[in-house]
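Chain by chain, the residues run as shown.
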Amino acid sequence: MKCSKILIAVAGSEHSKEVLKQGLSTAAVLGADAQIIYVIQPPSLLSGQSSWTPPRRILEEVGKDVFNKARNIADEKGVSIKTTIAEGNAAEEIMSFAQKRDMDLIVIGAVGEGGSSIVRVGGIAGKIVRNAGKPVLVVH
């Protein structure tokens with residue numbers, strides 16, 4: 001399998017650092033470039049969440065913080081990265097980005113922002129695994 005472009009999807013959770021480490025380590029071993037994507041989900045798409053959601057600017061800051069961590073890890077591993085903040089349904093945005101940019105591999109975490117597993121049926125990672133049409137590495 002050719003793998004020169006890896007998409008690493010992060011949610012801003014504590015688990016995101018592990019997702020970044022695994023994704024960027026994979027990129028380093030394969031000599032691939034990495035694209036980091038952070039998706040801001042509008043409150044209307046956050047089912048099961050409390051009625052309060054942080055303002056967009058705070059969510060953007062979380063994304064920027066994750067990108068700074070990614071740059072530090074990428075520098076350690078000698079991997080070239082690009083970053084993107086998207087907005088919408090996380091699974092759909094990640095899959096759309098991967099298709100449009102012809103990514104070879106998607107790396108996503110098994111644990112989301114709330115600490116719950118997102119591989120469950122209907123969860124973000126589960127939807128991506130079932131529908132991406134590309135290889136997916138789920139980091140537990």
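Right above here is the structure, for reference.
Keep in mind that this is a model prediction, so the values were computed, not measured.

Asks: Even after reading the chapter, I still don't get helix α3 (residues 90–100), so can you show me in this structure?
Replies: Two residues of an α-helix separated by three or four positions point the same way, owing to the 3.6 residues in each turn. Every buried residue of α3 is accounted for by A90, A91, I94, M95, F97 and A98. Within α3, the buried residues cover an arc of 160° as seen down the axis, which keeps them to one side. Facing away from the buried side of α3 by more than 90 degrees, the exposed set consists of E92 and K100. Buried residues belonging to α3 abut β1 (5–10), β2 (33–40), β3 (81–87), β4 (105–109) and α4 (124–131). N-cap assignment for α3: the residue whose side-chain oxygen lies 3.2 Å from the backbone N of A91 is N89.

Asks: Which parts of the structure should I look at to understand the sheet that holds β2?
Replies: Through backbone hydrogen bonds, the strands of a sheet pair up, either in parallel or in antiparallel fashion. With parallel pairing, the five strands of this open sheet are ordered in space as β3-β2-β1-β4-β5. Lying at the two open borders of the sheet, with one neighbouring strand each, are β3 and β5 (136–139). Here the average twist between neighbouring strands, direction ignored, is 20°. As paired strands, β4 and β5 are joined by four bridges and run parallel to one another.

Asks: How should the layout of surface pockets be read in this particular structure?
Replies: To find the voids left in a structure, one rolls a probe of water-molecule size over its atoms. Looking at the second largest pocket, its volume works out to about 150 Å³. Taken together, the elements giving at least two residues each to the lining of the second largest pocket come down to β1, β2 and β3. Looking at the lining of the second largest pocket, the element that brings in the most residues is β2, giving three residues. Looking at the lining of the second largest pocket residue by residue, the class counts come to four nonpolar, two polar and four charged.

The rules behind these values
- Residues numbered from 1 in each chain as written.
- Predicted model: local features only at pLDDT ≥ 70, side-chain atom pairs only at ≥ 80, totals over all residues.
- Heavy atoms only, no water.
- Buried < 20%, exposed > 50% of the residue type's maximum accessible area, 1.4 Å probe, protein only.
- Helix = DSSP H or I, 4+ residues; strand = E, 2+ residues; numbered from the N terminus.
- Arc of directions from axis to C-beta.
- Contact = heavy atoms within 4.5 Å.
- Polar contact = N/O pair within 3.5 Å; in protein donor to acceptor, adjacent residues only side chain to side chain.
- Pairing = 2+ DSSP bridges.
- Axes fitted to C-alpha atoms, helices over the stretch in contact; angles between N-to-C directions.
- 1 Å grid on protein atoms, 1.4 Å probe; cavity = no way out; pocket = protein on both sides within 12 Å on 5 of 7 lines; lining within 4 Å.
- Points joined across faces, edges and corners; volume = space filled by probe spheres on them.
- Nonpolar A, V, L, I, M, F, W, Y, C, P; charged D, E, K, R; others polar.

No statement about biological role is implied by the geometric values presented.
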